[in-house]
Protein chains: 2
Amino acid sequence: MSETAQSAVVLLSGGLDSTVLLHHVVRTLGRAPVHALSYRYGQRHSRELECAAWQTKAAGVAHCIIDLSFLGELLKGGSALLPGATAVPDLKDLAEAQLDQPPTYVPHRNMMLLSIACAYAEAHASRDVFYGAQALDEYGYWDCTAEFVGRLNRVLSLNRREAVIVHAPFVKLKKAETLALGLRLGVDFSHTWSCYRGEDVACGACPTCVERLNAFRAADATDPIPYRVPSEK
Amino acid sequence: MSETAQSAVVLLSGGLDSTVLLHHVVRTLGRAPVHALSYRYGQRHSRELECAAWQTKAAGVAHCIIDLSFLGELLKGGSALLPGATAVPDLKDLAEAQLDQPPTYVPHRNMMLLSIACAYAEAHASRDVFYGAQALDEYGYWDCTAEFVGRLNRVLSLNRREAVIVHAPFVKLKKAETLALGLRLGVDFSHTWSCYRGEDVACGACPTCVERLNAFRAADATDPIPYRVPSEK
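Residues numbered from 1 in each chain as written. Chains lettered and ligands numbered in written order. Predicted model: local features only at pLDDT ≥ 70, side-chain atom pairs only at ≥ 80, totals over all residues.

1. Some words on the interface of chain B and chain A
As a reminder, the rule being used: What counts as a contact is two residues whose backbone-derived C-beta atoms lie within 7 Å of each other. A run of DSSP states H or I qualifies as a helix once it reaches four residues; a run of E qualifies as a strand once it reaches two. Both are numbered from the N-terminal end. Any residue that is not Ala, Val, Leu, Ile, Met, Phe, Trp, Tyr, Cys, Pro, Asp, Glu, Lys or Arg is counted as polar, Gly included; the first ten are nonpolar and the last four charged.
At the interface, 32 residues of chain B touch 32 residues of chain A. The set of elements that each furnish at least two residues to the side of chain B that touches chain A consists of strand 3 (62-67), helix 3 (70-74), helix 4 (109-123) and helix 5 (146-156) of chain B. Here the side of chain B that touches chain A takes nine residues from helix 4 of chain B, the largest share from any one element. Tallied by class, the residues present in the side of chain B that touches chain A amount to 18 nonpolar, six polar and eight charged.

In structure tokens:
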């Protein structure tokens, strides 16, 4: 409980959006100390957590990785992102009918991660949790929308002491706009990871790879990470 | 995903309320299969989890204990219920000023536990989570109220497939009424545990012991568990 009331908690996956968010909170908002929280929840690979660790060092903030790997067993079969599940599909192979809740959706993941982040914030006398939700993804998740964040804050506001507030400053931005902000902040995107597949090199075909490549194209910039299939210009 | 849509998930701590809830859901509502979820989150003792296991056997339902013991470290100092914290106070020693959020409050605990239960429910094709919240405790928690449950359900309803619903059928009952329901259902209360202190015998003085003893007194029944200090009639 030694932190000041100005401290902030940032949810950091190691992907593009949350990495820009981290640097945005540290440099633009000047919040300090910032606690970055990452989760290990049985993802197919640990590459994004390594990137998250690198970025917190670059930003000079504390990093806490929380092990939720029990979720892999608990939600078995509930998501293509968890162990033992079906393969992550290419974006082009996703049927229209699946777009309401794509196979990479993890049931209630963001509410679990945000609840834990709010608990951490409250225990450390912080009242602000930053969340890199982006509602305008290639396909959307119900727990990445402004409405989700708004309703969640209505729950949190019942706290009888100082309520924790979840902020999602990128929720209305396109990925290319978030990327452009990151480029202005000098974020090193070679240490971010978006690919859903657990391979050495990003696949270039899964939904997040396609989104990421589209964002770099729209921002007229070059993605510094290597791809298995060279991207078409 | 082999369960039917009629299955239900019950949050079971091993205390009085959630134990009555389990038997209420199984016998009164006739929901099957029921999955009982308990959590190990660094509590001072495991007695209540042993009671939870006993009750699920008695009810003939599956029991899943989820290890959240990382919360003890994560929320260090954030609650008198977690390791390394200050002692649990006697109810009579709680200052009025503390009653808005008593020292036994665990930051955002119930939202964390419910989020995980909802994830579990969705992954197992269940849409009903039962929660033994009681708003009329000797002192209250903001995350045990009907309003909390209502607002949480507003968040959950954003799910684009079948939304999980959190039910808190005891939220408006007094503990003595919940106890009376349990007595009618034939619940064996010798296998329930309420005391916040991690001792062999219930203390009889901490807030939940006092509540429990008051409830038995109001229901004109005898609590079958032993207490360190014999209760005054």
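That shown, we press on.
2. Quick look at the sheet that holds strand 1 (residues 8-11) of chain B
All names here are of chain B. Definition in use: Note on pairing: DSSP must find at least two bridges between two strands before they are called paired. The axes used here are C-alpha line fits, helices contributing only the stretch in contact, and every angle between their N-to-C directions lies in the interval 0 to 180 degrees.
The strand order 3-2-1-4-5 describes an open sheet built from five strands, whose pairing is parallel. The outermost strands of the open sheet, each flanked by one partner alone, are strand 3 and strand 5 (165-167). Averaged over neighbouring strand pairs, the angle between their axes works out to 25° when direction is ignored. Inspection of the sheet shows strand 4 (residues 128-130) paired to strand 5 by three bridges, in the parallel sense. Bridged to Asp 128 within strand 5 is Ile 165. Lying on the sheet, helix 2 (residues 47-59) is in contact with strand 2 (34-40) and strand 3; it crosses strand 2 at an angle near 170°.

3. Considering the pairing of strand 2 of chain B
Residue and element names in this part refer to chain B. How we decide: To assign burial, the other C-beta atoms lying within 10 Å of each residue's own C-beta are counted, with C-beta atoms placed from the backbone; 20 or more indicates buried, 12 or fewer indicates exposed, and intermediate counts indicate partly exposed.
A large share of strand 2 lies buried, amounting to six of its seven residues. For strand 1 and strand 2, the ladder comprises four bridges, and the chain directions are parallel. Residue pairing in the sheet places Leu 11 in a bridge with Leu 37 of strand 2.

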